[in-house]
Amino acid sequence: MTATADADVLPALKAKVRSTAHPESTPCSHPDAVLAERADGTVVRHADTVAKAHAPDTDPTHLTLRLTVATSHPDTLLAPLHSTPTPLHGRLVTFWPYGTPVDPEVPEVAPWEEAATLLARLHRQPPPPGLPPMRGPAKAAQAIARLKAAAPHHPAAAPVLRAWRTLPAWARAEAPMPDTTTLCHGDLHLGQLVRHPATTGPWRLIDVDDLGVGDPAWDLARPAAWYACGLLLPDEWTRFLTAYRQAGGPAVPAHGDPWPVLDVPARALTVQTAALAIAKSTAAGSPLDDAQQSVVDACDRMGGIPPELADAFPK
């Protein structure tokens, strides 16, 4: 995609979301709100409608399959307004109803139980034929590539890269995942939940870009990694894990120690988080904050363990 086409996306997306929100061309005083503007996705809201321009390399067949999953499971995933993407200046655009996101300023009311229950429900659904692998390991590999490009000589880069090398090939997107049949979200965090209808409706998972078949433990790995790094309180982790088990989630055993299953994905998400933290702090010209340093420190501990013995995430 050319730079000109990329520059054209945001104004064209604003015009598109306005016409979708008001198909009758009725006068409107609602402002446009840019919710995200990144290389992998630009998101604009107008009134109760949200439009997303997906990454330039998005496969239209795969995206359509992912939209089909969301349309088929509206009790789990936020359903799109249209089941097929729309081309716009070399990008694929999807349209969604607006939902109220999790408030990051009030962490004590974060919907951990609801997130876990939605994940368990998603993991029990049969995937449609042809659905590609979930993109969790691929995104971890992209984070490492970004680190190598942006900050290869940063003092914290070496322990992160050592920890990356302790992971099995499938977690580095270098081999197929051990599970290729379970429907997964692929990028679960609290920013992937909204209430719909806004404010009062039930929670739903959003963002289908990484959805696919694979190891469901990956969807539990970010909160598991946060807990292991001391960024998530033990009570919150216990609430999340208990709710997932009570909802019949297949990623971990119903009883007993979940860490033999969660260990590799949690390590991978720790490495991914650390790699992105270093790349972003370098771009901003700022030092790592305490939370970012904690994931780098976890990588340092991981990197000292031989790969054949790396089966117990340091908690």
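About the criteria used
Residues numbered from 1 in each chain as written. Predicted model: local features only at pLDDT ≥ 70, side-chain atom pairs only at ≥ 80, totals over all residues. Heavy atoms only, no water. Pairing = 2+ DSSP bridges. Helix = DSSP H or I, 4+ residues; strand = E, 2+ residues; numbered from the N terminus. Axes fitted to C-alpha atoms, helices over the stretch in contact; angles between N-to-C directions. Contact = heavy atoms within 4.5 Å. Buried < 20%, exposed > 50% of the residue type's maximum accessible area, 1.4 Å probe, protein only. Polar contact = N/O pair within 3.5 Å; in protein donor to acceptor, adjacent residues only side chain to side chain. Parallel < 35°, antiparallel > 145°, perpendicular 65-115°, else oblique. Left-handed = near helix turned anticlockwise from the far one by under 90°. Nonpolar A, V, L, I, M, F, W, Y, C, P; charged D, E, K, R; others polar. Disulfide = S-S within 2.5 Å.

Participant: What is the right way to look at the sheet that holds strand E1 (residues 32-38) in this model?
Facilitator: By way of backbone hydrogen bonds, the strands of a sheet pair with one another, either parallel or antiparallel. Ordered in space as E1-E2-E3-E5-E4, the 5 strands form an open sheet in which the pairing is antiparallel. Each edge of the sheet is formed by a strand with only one pairing partner; in this case those strands are E1 and strand E4 (86-88). The mean angle between the axes of side-by-side strands here comes to 25°, regardless of whether they run parallel or antiparallel. As paired strands, E1 and strand E2 (residues 41-46) are joined by 6 bridges and run antiparallel to one another.

Participant: I would appreciate a short explanation of the sheet that holds strand E8 (residues 193-195) in the present structure.
Facilitator: Taken together, the 3 strands give an open sheet; going across it, the order is E6-E8-E9, and neighbouring strands pair in antiparallel fashion. A strand with exactly one partner marks an edge of an open sheet, and here the two such strands are strand E6 (100-101) and strand E9 (203-205). Note that E6 and E8 share 2 bridges and pair antiparallel. Each residue of the ladder has a partner; that of Pro 101, found in E8, is Val 194. In the packing of helix H3 (residues 112-123) onto the sheet, contacts are made with E8 and E9, and the angle to E9 comes to roughly 50°.

Participant: Even after reading the chapter, I still don't get the pairing of strand E3 (residues 49-54), so can you show me in this structure?
Facilitator: Consecutive side chains along a regular strand alternate between the two faces of the sheet. Where burial is concerned, most of E3 is hidden: 6 out of the 6 residues are buried. Side chains Thr 49, Ala 51 and Ala 53 project from E3 onto one buried face, and the interleaved Val 50, Lys 52 and His 54 project onto a second face that is buried too. Note: E2 against E3, 6 bridges, orientation antiparallel. Note on E3: the bridge partner recorded for His 46 is Thr 49. Hairpin remark: E2 followed by E3, antiparallel, with 2 residues in the connecting loop; positive phi at Ala 47, about 55°. By the bridge criterion, 5 bridges tie E3 to strand E5 (residues 91-97) in an arrangement that is antiparallel. Within E5, the position partnered with Ala 53 by the bridge is Val 93.

Participant: Would you mind going over the side chain of Arg 91 with me for this structure?
Facilitator: Looking at where Arg 91 falls in the secondary structure, it is placed in strand E5. Taking relative accessible area as the criterion, Arg 91 reaches 3% and is therefore assigned buried. A distance of 3.4 Å separates a polar atom in the side chain of Arg 91 from the backbone oxygen of Ala 53.

Participant: Is there a simple way to think about the packing of helix H6 (residues 217-228) against helix H7 (residues 234-246) in this case?
Facilitator: In contact at an axis separation of 9 Å, H6 and H7 are set at 155° when each is read in the N-to-C sense. Put simply, H6 runs roughly antiparallel to H7. The two elements H6 and H7 cross, and the hand of that crossing is left-handed. Packed against H6, whose contacting residues are Leu 220, Pro 223, Ala 224 and Tyr 227, the element H7 presents Pro 234, Trp 237, Phe 240 and Tyr 244 at the interface. Of the residues in the contact of H6 with H7, the class split is 8 nonpolar, no polar and no charged.

Participant: How should the state of the cysteines be read in this particular structure?
Facilitator: By definition, a disulfide links the sulfur atoms of two cysteine residues through a covalent bond. Taken as a whole and assessed by the stated rule, the structure comprises 0 disulfides. Cysteine Cys 229 shares no disulfide, and the gap to the nearest cysteine sulfur, in Cys 299, comes to 7.4 Å. The exposure class of Cys 229 is buried, given its relative accessible area of 12%.

Participant: Even after reading the chapter, I still don't get the pairing of E5, so can you show me in this structure?
Facilitator: Among the 7 residues that make up E5, 7 are buried, leaving the element largely enclosed by the rest of the structure. Across the two faces of E5 the burial is the same, with Arg 91, Val 93, Phe 95 and Pro 97 and Leu 92, Thr 94 and Trp 96 all buried. Pairing of E4 with E5, which is carried by 3 bridges, proceeds in the antiparallel orientation. Each bridged residue has a counterpart across the sheet, and for Thr 86 the counterpart in E5 is Val 93.

Participant: What exactly am I supposed to notice about unusual backbone geometry here?
Facilitator: Glycine aside, a negative phi is what most residues show, and trans is what most peptide bonds show. With an omega of -5°, the peptide bond between His 196 and Pro 197 qualifies as cis. Checked against the element boundaries, Pro 197 lands in the loop between E8 and E9. For Ala 47, which is not glycine, the phi torsion reads 55° and is therefore positive. The exposure class assigned to Ala 47 is buried, which follows from its relative accessible area of 15%.

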